[in-house]
Number of protein chains: 2
Amino acid sequence: MAKPSAESASPRKPGRPKAPPGPDNGRTRIVRSAARLFREKGFRAATVRELAEAAGMQSGSLFYFFRNKEEILVAVMEEGMADVHAAVAAAQASGGPVAAFRLMAQRHLEGILDRDADHMTVMLYETRALPSAAERHVRQLRRDYEAMWEAQIDALIAVGCWRGAESPRLSRMALMGAMNWAVQWFRPDRGDTIEALVDTLAQLFLKESE
Amino acid sequence: MAKPSAESASPRKPGRPKAPPGPDNGRTRIVRSAARLFREKGFRAATVRELAEAAGMQSGSLFYFFRNKEEILVAVMEEGMADVHAAVAAAQASGGPVAAFRLMAQRHLEGILDRDADHMTVMLYETRALPSAAERHVRQLRRDYEAMWEAQIDALIAVGCWRGAESPRLSRMALMGAMNWAVQWFRPDRGDTIEALVDTLAQLFLKESE
DNA sequence: CCTACCGATCGGTAGG
DNA sequence: CCTACCGATCGGTAGG
């Protein structure tokens, strides 16, 4: 689970500064259902009334937990990014460069394609809707995350297993695109599996050491 | 240029059914400036008043040319898709499988990354905003477009030059993602060039014939 | 957290 | 194409 950030975790009424933890407090419910609605309809198209209903409360009550709609979006993105970051970091520490890379890709794809994997998808596709201060913050989270991939690709280049070694940045972004675009076409009910996609990515981006 | 579709080309007043062609009639101005605004802010965030102002007319006048806001979105997508489809089809007919593939990728990337290449980007990233009837129509345009790529990849497999031959669909979607995601990171002012990206894609997806 | 409510803005229309 | 306008809905607030 994501740890709440300093900016968006505390309600604005001093009378009740700490939300009781646990998966069923109001804030958690709002963020979870907002993630789904933002992914399905987009940030602008999802109304505060829909968010409130999906979270099982009145629309005015949202603003007991969040200052405004954008702050909910930031919370969704922070949680998505933190979860995927943690999963991919663990994968990176798991084995040799090639095996770790495959597991990192697996974890990243799970983070955007699994059921209830809405948060990270919103992170990837709704950046435009962020106010500029929040956008800088979120961009930094993204850079931190991509730095992991950059380091992993450097390690693969060092052992001669990265096919895009001539242009590390372009090939890294090609990989990100190949993964993130799956949100648009991946259909488990048509037989797509994350494992097969990882295999394909490995064939394209990895090579035997020379 | 895109040819207007039957559904969205004719204004609703019988008194003036045919718009005079040319790049400066009202309809063309609306579509062009809407493409830019939809790309920058998203369909929902761009208001009809902004669209009208960018096209140099009053907000009510938009509805002399289009029945509603969604119809403007469809027109933007149709034009983007038609332009890129034509450019890529011409590239496909241009040479051997490998050379044609490289030119197709070049044309596709130009269609989403060049200045004023807003239409196709809107096509790629705003599908959610379409009413369901229009969505079916647009999805069909996309399928027709992707069929070209499918055929080209089949040709590359036949000559043994496609690295993802074991899973043509997955590798094709990986390619689409690697290209379309460039919208998110490509910055010509930081030295990114389409040519370098095409080279990288070729290294990843093509191989020497066996 | 709920009730009750508000000002602003939205997409769209009538009539010319 | 413009002028003038409307009903609906939006995000958000006050007070408890």
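Here the residue numbers are simple positions, counted from 1 along each chain's written sequence. Naming scheme: in the order in which they are written, chains are lettered from A and ligands are numbered from 1. Per-residue local features of the predicted model are confined to residues with pLDDT of at least 70, and side-chain atom pairs are confined, for both listing and counting, to 80 or more; whole-chain, interface and lining totals are unaffected and use all residues. Only heavy atoms go into the side-chain values, all of them from the structure, while hydrogens and water stay out.

An unreviewed UniProt entry annotates chain A as AcrR family transcriptional regulator of Niveibacterium umoris.

**Notes on the overall build of chain A**
For the record, the criterion: Strands here mean DSSP runs of E at least two residues long; helices mean DSSP runs of H or I at least four residues long; both are numbered from the N terminus. Summary of the burial criterion: residues with accessible area below 20% of their type's maximum are buried, those above 50% are exposed, and those between are partly exposed, where the area comes from a 1.4 Å probe applied to protein chains only. A contact between two residues is defined here by any heavy atoms of the two lying within 4.5 Å. Computed with a 1.4 Å probe, the accessible areas rest on the Shrake-Rupley method; for each residue, only the protein chains presented here act as cover.
When you go through chain A residue by residue, the secondary structure sums to ten helices and zero strands. Scanning chain A from its N terminus toward the C terminus, one meets helices and strands in the order α-α-α-α-α-α-α-α-α-α. Buried residues in chain A amount to 50% of all 210 residues. In chain A, of all internal contacts separated by at least 6 residues, the share reaching a separation of at least 24 is 70%. With the model as given, the accessible surface of chain A reaches about 9900 Å², and the carbon-plus-sulfur share is 51%.

**Quick word on the relation of the copies chain A and chain B**
Our working rule: Superposing the copies works by least squares over the C-alpha atoms of residues that have pLDDT at least 70 in both of them.
Between the two copies, chain A and chain B, the superposition gives an RMSD of 0.0 Å; the rotation angle is 180 degrees and the shift along the axis is 0.0 Å. These values place the two chain copies in the arrangement generated by a two-fold rotation axis. Most of the interface of chain A is mirrored in chain B: 100% of its interface residues are interface residues there too.

**Brief notes about helix 5 (residues 97–113) of chain A**
Counted only if it meets this: Expected span, for any helix, means 1.5 Å times one less than how many residues it has.
The end-to-end C-alpha distance of helix 5 of chain A is 24 Å, a good match for the 24 Å that 17 residues give at a rise of 1.5 Å each. The complete set of buried residues in helix 5 of chain A reads Ala100, Phe101, Met104, Ala105, Gln106, His108, Leu109, Gly111, Ile112 and Leu113 of chain A.

**A closer look at the pattern of salt bridges**
Convention followed: Every case where a carboxyl oxygen of Asp or Glu lies within 4 Å of a side-chain nitrogen of Lys or Arg is listed as a salt bridge.
With the rule as written, the count across this model stands at 24 salt bridges over all chains. Glu126 of chain A is paired through a salt bridge with Arg128 of chain B; the nearest N and O atoms lie 2.7 Å apart. One end of the pair, Glu126 of chain A, is in the loop between helix 6 (118–125) and helix 7 (132–158); the other, Arg128 of chain B, is in the loop between helix 6 (118–125) and helix 7 (132–158), on a second chain. Assessed through its relative accessible area of 46%, Arg128 of chain B is described here as partly exposed. Residue Arg169 of chain A is joined to Asp192 of chain B by a salt bridge in which the shortest nitrogen-to-oxygen separation is 2.5 Å.

**Comments concerning the side chain of His119 of chain A**
On the secondary structure map, His119 of chain A appears in helix 6. When near neighbours in sequence (up to four residues on either side) are disregarded, His119 of chain A contacts Val31, Arg32, Ala35, Val76, Glu79 and Gly80 of chain A.

**Describing the protein's contact with DNA strand D**
For the record, the criterion: Distances are taken per atom, and a residue is near a molecule or strand as soon as one of its heavy atoms is within 4 Å of it. N or O atoms within 3.5 Å of each other form a polar contact, as long as, within protein, one can give a hydrogen and the other can take it, and as long as residues adjacent in sequence are counted only when both atoms are side-chain atoms. Three categories are distinguished: nonpolar for Ala, Val, Leu, Ile, Met, Phe, Trp, Tyr, Cys and Pro, charged for Asp, Glu, Lys and Arg, and polar for the others, with Gly belonging to the last.
Near DNA strand D there are 17 residues, and of these Val48, Arg49 and Lys69 of chain A together with Ser61 and Tyr64 of chain B occur at the shortest range. Take the atoms of DNA strand D that sit within 4 Å of the protein: sugar and phosphate atoms are 50% of them. Between a phosphate oxygen of DNA strand D and a main-chain N or O atom of Val48 of chain A, the distance comes to 2.9 Å. Note that a base oxygen of DNA strand D is positioned 2.9 Å from one of the side-chain N or O atoms of Arg49 of chain A. For the surface near DNA strand D, the elements supplying multiple residues, two or more each, are helix 2 (48–55) of chain A together with helix 1 (26–41) and helix 3 (62–65) of chain B. Across the surface near DNA strand D, the residue classes break down as six nonpolar, six polar and five charged.

**Considering the packing of aromatic side chains**
Residues and elements named next belong to chain A. Keep this limit in mind: Any two of the Phe, Tyr and Trp rings considered here, Trp counted by its six-membered ring, make a pair once their centres fall within 6.5 Å; the pair's planes then place it as stacked at under 30 degrees, edge-to-face at over 60, or tilted in between. Two conditions define a charge located above a ring, namely a distance within 6 Å from the ring centre to NZ of Lys or CZ of Arg, and an angle within 35 degrees of the ring normal.
For the structure shown, the criterion picks out 15 aromatic pairs over all chains. An aromatic cluster of three or more residues is present, and its members are Phe101, Trp149, Trp162 and Phe205. Between Lys69 and the ring centre of Phe43, over which it is positioned, the NZ or CZ distance is 4.4 Å.

**Some thoughts on the protein's contact with DNA strand C**
Taken together, the neighbourhood of DNA strand C is formed by 17 residues, with Ser61 and Tyr64 of chain A together with Val48, Arg49 and Lys69 of chain B sitting nearest. Near-protein atoms of DNA strand C (within 4 Å) split between backbone and bases, with sugar and phosphate holding 51%. With respect to DNA strand C, the side chain of Arg29 of chain A contributes an N or O atom lying 3.3 Å from a phosphate oxygen. Ser61 of chain A places a polar side-chain atom, nitrogen or oxygen, 2.4 Å from a phosphate oxygen of DNA strand C.

**Concerning the interface of chain A and chain B**
Quick note on the threshold: Accessible area that two parts lose when put together, with a 1.4 Å probe and added across both, is what the buried area reports.
At the interface, 37 residues of chain A touch 37 residues of chain B. Between chain A and chain B, the buried area comes to about 3100 Å², and carbon and sulfur atoms account for 58% of it. The three residues of chain A that bury the most area against chain B are Arg128, Trp181 and Leu204 of chain A, which together make up 23% of that side's buried surface. Counting across the interface, chain A meets chain B through four salt bridges. Between chain A and chain B we count ten residue pairs in polar contact (both at pLDDT 80 or more) in total. For the side of chain A that touches chain B, the secondary structure elements donating two or more residues are helix 1 (26–41), helix 6, helix 7, helix 8 (168–180) and helix 10 (194–205) of chain A. Counting residues per element, the side of chain A that touches chain B draws most heavily on helix 8 of chain A, which supplies nine residues. Residues belonging to the side of chain A that touches chain B are distributed by class as follows: 16 nonpolar, eight polar and 13 charged.

**What about the packing of helix 5 (residues 97–113) of chain B against helix 7 of chain B?**
All names here are of chain B. Just so we agree on the cut-off: Each axis is a line fitted through C-alpha atoms, taken for helices only over the stretch in contact, and angles between the N-to-C directions span 0 to 180 degrees. In what follows, roughly perpendicular refers to angles from 65 to 115 degrees, roughly parallel to angles under 35, roughly antiparallel to angles over 145, and oblique to any angle outside these ranges. In this scheme the crossing of two helices becomes right-handed for a clockwise turn of the near helix relative to the far one and left-handed for an anticlockwise turn of less than a right angle.
Two numbers describe how helix 5 lies on helix 7: the axes approach to 10 Å, and their chain directions differ by 150 degrees. Taken together, helix 5 and helix 7 sit at an angle that is classed as roughly antiparallel. For the element pair helix 5 and helix 7, the recorded crossing hand is left-handed. Residue-level contacts link Pro97, Val98, Ala100, Phe101, Met104, Ala105 and His108 of helix 5 to Tyr145, Met148, Trp149, Gln152 and Leu156 of helix 7.

**Side note on the environment of Asn68 of chain B**
All names here are of chain B. Looking at where Asn68 falls in the secondary structure, it is placed in the loop between helix 3 and helix 4 (69–92). Along the chain, Asn68 and Val48 lie 20 residues apart, while their C-alpha atoms are 9.4 Å from each other. Of the polar contacts made by the side chain of Asn68, one reaches the backbone nitrogen of Glu70; its length is 3.3 Å. At 3.0 Å, the side chain of Asn68 and the backbone nitrogen of Glu71 are in polar contact.

**A closer look at the nonpolar core**
Stated formally: We define a nonpolar core as any set of buried Ala, Val, Leu, Ile, Met, Phe, Trp, Tyr and Cys residues linked to one another through side-chain atoms lying within 4.5 Å.
Counting 135 residues, the largest nonpolar core has Phe38 and Trp149 of chain A together with Phe38 and Trp149 of chain B as its most contacted members. In this structure, Trp149 of chain B is in contact with Val88, Phe101, Met104, Ala105, His108, Arg172, Leu175, Met176 and Met179 of chain B, ignoring residues within four places of it in sequence.

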